[in-house]
Amino acid sequence: MKFKFKKPQFAAFKKKSSFARRFTRSKIGNFFYCTFLVAGGLFSVLPLIYSVVTSFKPIDELLIFPPRFFVQRPTIANYLALPDLLSNLQVPLSRYIANSLLISIITTFLYIIISSMAAFVLAKAKFKAKNAIFWTVQMALMFNAYTLSIPSYLIYAKMNIIDTYWVYLLPSLADTMGVFLMKQYMEDALPDALLEAAKIDGAGYTRVFWSIVMPTVKPMWLTLMLFGFRSIWSMAPSTTIFTEQLKTLPMVTPQIAAGGTARAGSSMAMTVIMMIPPILVYMVSQSNVMQAMTSAGIKE
Amino acid sequence: MTKTTKVSRLRKKDAFLEQLPLVGMLAPFLIFFLLFTIIPIFSSIALSFTSYDLISTPKFLGIGNYERMFVFDDIFGIVVKNTLVFAIIAGPIGFLLAFVLAWFVNEFSPFVRTVLSFMFYTPSLVGGGLFIWQVLFSGDAYGYLNSMLLSVGLITEPITWLKTPQYLMPIVIIVQLWQSMGVSFLSNISGLQNIGDELYEAGAIDGIRSRWQELRFITLPQMKNMLLFSAVMQIQSSFSVSSIAIELAGFPSTQYAVDTIVSHMADMATVRFEYGYASAIAVILFIMMAGTRMLIGKVLSLIGK
C-alpha cells in the first residue's frame, strides 16, 4: 500500500504534516475554529495570569479603585515577606517542603505502578471475577467520599497509621480513577498479538509487563503521573496528621491568607510558588507524551 | 477417559500457575481498594439505617432516615432539583467540550498542542483557583465585572452577583465547567493520539469523504473507551458540585439557589452531627449517579452503529 495523501493546505497546520488531517475546513470554519480555541484558552489561563500579576502588586495597587488587572509598579516585596510571615512556625519551612516533595514523589510513583499492574490484569487477563471487579471499581467512583471519612478514620485508627506518613500514602493508593483510566487505555493500545508474541518468545507476565506493557502505554502513565502528583501535592489531611514535623506545605499556607487584605499579595505569592511543582510535572509529562506519540508504531 | 481427565486437570493446574503472577499484580490494588474504599462504603450504607451522632453508639432506625428525607425534609427537594440542574446542564456540556477541545487541539503541531493543552489544563493546575471568580463577581464596586459595567455606564449601582438567586446558578455552572476540564480533556488527547494515521488512510481508501464521516466512522468508535472514562468523570464531578457553590455563594446560599445534595449532606455531617442521615443522603446520591452511569453506557454503545 503506497498511497500518498495530499498534505493540508492551510498555513497553521502545515508544519508537522504527520499530524495533520487529510480533509480541510473552509476558510470560515478555520476562522471560527481558531477564534474558539484562543478565546477558550484565554478564559482558562486567566486565573494563572491573574495570580502571577497580583503577586507582584504593591499594597496600594491591591486596594485601588477601579481595580486594575495589570500591575503598574511591580515589586517582589510580597515574595520577600514570605520567610518573615512563616518565621513563627515551630519547625523550619524546609521540613514542610521536604515532606511535601517526598510524599508526593513516592506516592505518585507507587500509584502509577499499582494502578497499571491492576489495570493490565483487568484489561488483558481472562478470569471469571474480572468484570465484577471492574464494575465495582467504576461504581466506587460514584460514591461520594464525604460520608466515608468517619469509617475511613476508624480503619486508620485500627491500623495505627494515624499521624504517620502512611496516612498520606496508603489511602491514595486506593484511588480507583487510575485503574479505570489505565484499563480503558490498555484495551485499545495493547494489541493481543503483541502480548502473544512475547509469550511465545518465553517471556513471563512480569517481564511482559515491564518490558512491553509499560513502554507501550507510556503516554497514559505519564498523564496519570500528572493527575496523581497534582492531587497528592495539594492534599492536606488535617484530621489525621497533628505532628508539626509530619505536615506538608498546603497545611501551613492558609495561615498567610489568614492575615487578611494586607497580606493578599503575599498569599498570592505563596499560591504562585505552590503552583510551580505541578507545572514542572506537567511539562515533563506532556512533552514526553508528545514525543512518545510521534514514535509510537506498535500496532496490529 | 481417565487419561483425558488427568490431562485436563494438569492443564488446569498449568493455567492456574500461569495466572499466579497476575493475581500478584492485581492484589496490591485490591487490598487497598477493599480496605480504604469498599469497607468504608459498606459501613456508610449500614450507618444510613441508623441514627448516629459520632459520640454515642448508632441506634437502629430502619428506613427512618429515608422516610425523613422524602417526607419531612423541606430542603431536600430543593437540593435534588439544583443537583439535577447542574448534572443535566454542566454534565453533557463539560463532556462535549472536553472531547471537542481535545479533537481540535490534537490537529496542531506538537509544540502548539502542548501550549494549548497547558492553557486548557491550568484551571486544574491552579488548584482551588476560585479567588479570581470571587474578585470578578464581587458584589461591591471593586469587583471587576461591576467596575467594568459601571465605567461603561450599563449599570448605575453595583450588582450583588453572588447574592442574587437568578445569577447564581449560571455563575456556578460556568465556574464548574471551567474547573472540570482537566482530567477528561487530557485523557481524551492521549486517546486521540493513539489512533494511528494508517486508520485514517485506510478510511480514505474505503470512501470516507469528509471530516464528519471521519469523526463518525473512525474517531468516535476508536475513542469509545476514553469517552466512557470521561463520561464517568463528568458524572462524578457534575453530581457533586458543592465546594464551588459554597466558596462563591456561601452556605446556605440566598434562597438555597445553588445548594446541592452534597452541600446538604456536608451540612448534616459536619455541622449538625447527623451522620446516619448524611449517609442515607449519600446512598440516594449514589443511586442517582449509578443510574446515570448505566444510561450513559447504553447511549455510548450506540456509537459506531
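Criteria and cut-off values
- Residues numbered from 1 in each chain as written.
- Chains lettered and ligands numbered in written order.
- Predicted model: local features only at pLDDT ≥ 70, side-chain atom pairs only at ≥ 80, totals over all residues.
- Heavy atoms only, no water.
- Helix = DSSP H or I, 4+ residues; strand = E, 2+ residues; numbered from the N terminus.
- Buried < 20%, exposed > 50% of the residue type's maximum accessible area, 1.4 Å probe, protein only.
- Areas by Shrake-Rupley, 256 points an atom, 1.4 Å probe, with all protein chains shown as cover.
- Salt bridge = Lys/Arg side-chain N within 4 Å of Asp/Glu carboxyl O.
- Core = buried A, V, L, I, M, F, W, Y, C linked by side-chain atoms within 4.5 Å.
- Contact = heavy atoms within 4.5 Å.
- Arc of directions from axis to C-beta.
- Buried area = accessible area lost by both parts, 1.4 Å probe.
- Polar contact = N/O pair within 3.5 Å; in protein donor to acceptor, adjacent residues only side chain to side chain.
- Nonpolar A, V, L, I, M, F, W, Y, C, P; charged D, E, K, R; others polar.
- Phe/Tyr/Trp six-rings, centres within 6.5 Å; stacked < 30°, edge-to-face > 60°.
- pLDDT = per-residue confidence, 0-100.
- Axes fitted to C-alpha atoms, helices over the stretch in contact; angles between N-to-C directions.
- Parallel < 35°, antiparallel > 145°, perpendicular 65-115°, else oblique.
- Left-handed = near helix turned anticlockwise from the far one by under 90°.
- Patch = residues over 30% accessible without salt bridge, like charges linked within 9 Å, V, L, I, M, F, W, Y side chains within 5 Å.

A. The arrangement of the overall build of chain A in detail. A count of helices and strands for chain A gives 15 helices and 0 strands. A total of 300 residues make up chain A; the buried ones form 51% of that total. For chain A, the exposed surface amounts to about 14,800 Å²; the carbon and sulfur share of it is 65%.

B. Here's a closer look at the pattern of salt bridges. Residue and element names in this part refer to chain A. Throughout the structure, instances matching the rule amount to 5 salt bridges over all chains. We note a salt bridge from D192 to K124, for which the minimum N-O separation is 3.0 Å. You can see D192 sitting in helix α10 (residues 192–200) and its partner K124 sitting in helix α5 (residues 93–124), a full 68 residues away along the chain. For K124, a relative accessible area of 18% corresponds to the buried category.

C. Expanded view of the nonpolar core. Counting 189 residues, the largest nonpolar core has L37(A), F120(A), M177(A), M186(A), V213(A), V217(A) and F185(B) as its most contacted members. Every residue in contact with F120(A), bar those within four places of it in the chain, is listed here: A125(A), M186(A), L190(A), L195(A), V208(A), F209(A), V213(A) and M25(B).

D. Main features of helix α7 (residues 149–159) of chain A. All names here are of chain A. Restricting attention to buried positions, one finds in α7 the residues P151, S152, I155 and Y156. Down the axis of α7, the buried set is contained in an arc of 140°. They therefore lie on one face. In the segment just after α7, N160 is the residue with positive phi, at about 65°.

E. Spatial organisation of the side chain of D267(B). All names here are of chain B. Assignment of secondary structure puts D267 in helix α12 (residues 261–271). Accessibility expressed as a relative area gives 8% for D267, which makes it buried. Setting aside its immediate chain neighbours within four residues, D267 contacts F251 and R272.

F. Structural view of the interface of chain A and chain B. Residue-level contacts link 99 residues of chain A with 102 residues of chain B. In this assembly, chain A packs against chain B so that about 9,500 Å² is buried in total across both faces, 75% of it on carbon and sulfur atoms. For the pair chain A and chain B, the interface holds 0 salt bridges. Counting across the interface, chain A meets chain B through 14 residue pairs in polar contact (both at pLDDT 80 or more). If you tally residues by element for the side of chain A that touches chain B, the top one is helix α1 (residues 27–55) of chain A, at 14 residues. Residues belonging to the side of chain A that touches chain B are distributed by class as follows: 68 nonpolar, 18 polar and 13 charged.

G. The packing of aromatic side chains, seen in detail. In this structure the tally under the stated criterion is 25 aromatic pairs over all chains. Centre to centre, the rings of F227(A) and Y121(B) are 6.4 Å apart; their planes meet at 40°, and the pair counts as tilted. Placement of the pair is F227(A) in helix α12 (residues 218–233) and Y121(B) in helix α4 (residues 110–125), with the two residues belonging to separate chains. The residues F227(A) and Y121(B) share a single accessibility class, namely buried.

H. Just unusual backbone geometry, in detail. Here the bond from F251(B) into P252(B) is cis, since omega is -5°, no more than 30 degrees from zero. Phi angles above zero are rare outside glycine, and D163(A) is one such case at about 65°. Its identity is not glycine, yet Q255(B) carries a phi of approximately 50°, on the positive side. Inspection of the secondary structure puts Q255(B) in the loop between α11 (243–249) and α12. Here Q255(B) falls in the exposed class, since its relative accessible area comes to 64%.

I. Examining the confidence of the model for chain A more closely. Residue and element names in this part refer to chain A. In this model, chain A carries an average pLDDT of 81, and 87% of its residues clear a pLDDT of 70 or more. Averaged pLDDT values for the elements of chain A fall to 76 in helix α14 (residues 254–257) and rise to 93 in α5. Confidence over residues 1–22 falls short of pLDDT 50; this stretch has 38 contacts with residues more than four positions distant or in other chains.

J. Inspection of the packing of helix α3 (residues 74–105) of chain B against helix α8 (residues 182–193) of chain B at higher detail. All names here are of chain B. The contact between α3 and α8 brings their axes to 8 Å, and the two run at 45°. Here α8 runs oblique to α3, going by the angle between their axes. Note that α3 runs across α8; the crossing there is right-handed. Packed against α3, whose contacting residues are A98, F99, L101, A102, W103 and V105, the element α8 presents S184, F185, N188, I189 and L192 at the interface. Of the residues contributing to the contact of α3 with α8, the split by class is 9 nonpolar, 2 polar and no charged.

K. Quick peek at a nonpolar patch on the surface. Taken together, the side chains of I273(A), I276(A), L280(A) and M283(A) make up a nonpolar region of the molecular surface, amounting to roughly 350 Å² of accessible area. The exposure class assigned to M283(A) is partly exposed, which follows from its relative accessible area of 45%.

L. Spatial organisation of α12(B). All names here are of chain B. Of all 11 residues in α12, 9 are buried; the element is thus mostly enclosed. What α12 keeps buried is the set I261, V262, S263, H264, M265, A266, D267, M268 and A269. Buried-residue contacts for α12 involve α2 (64–72), α3, α10 (211–239), α11 and α13 (275–300). Where α12 terminates, the next one or two residues include F273, which has phi positive at roughly 55°.

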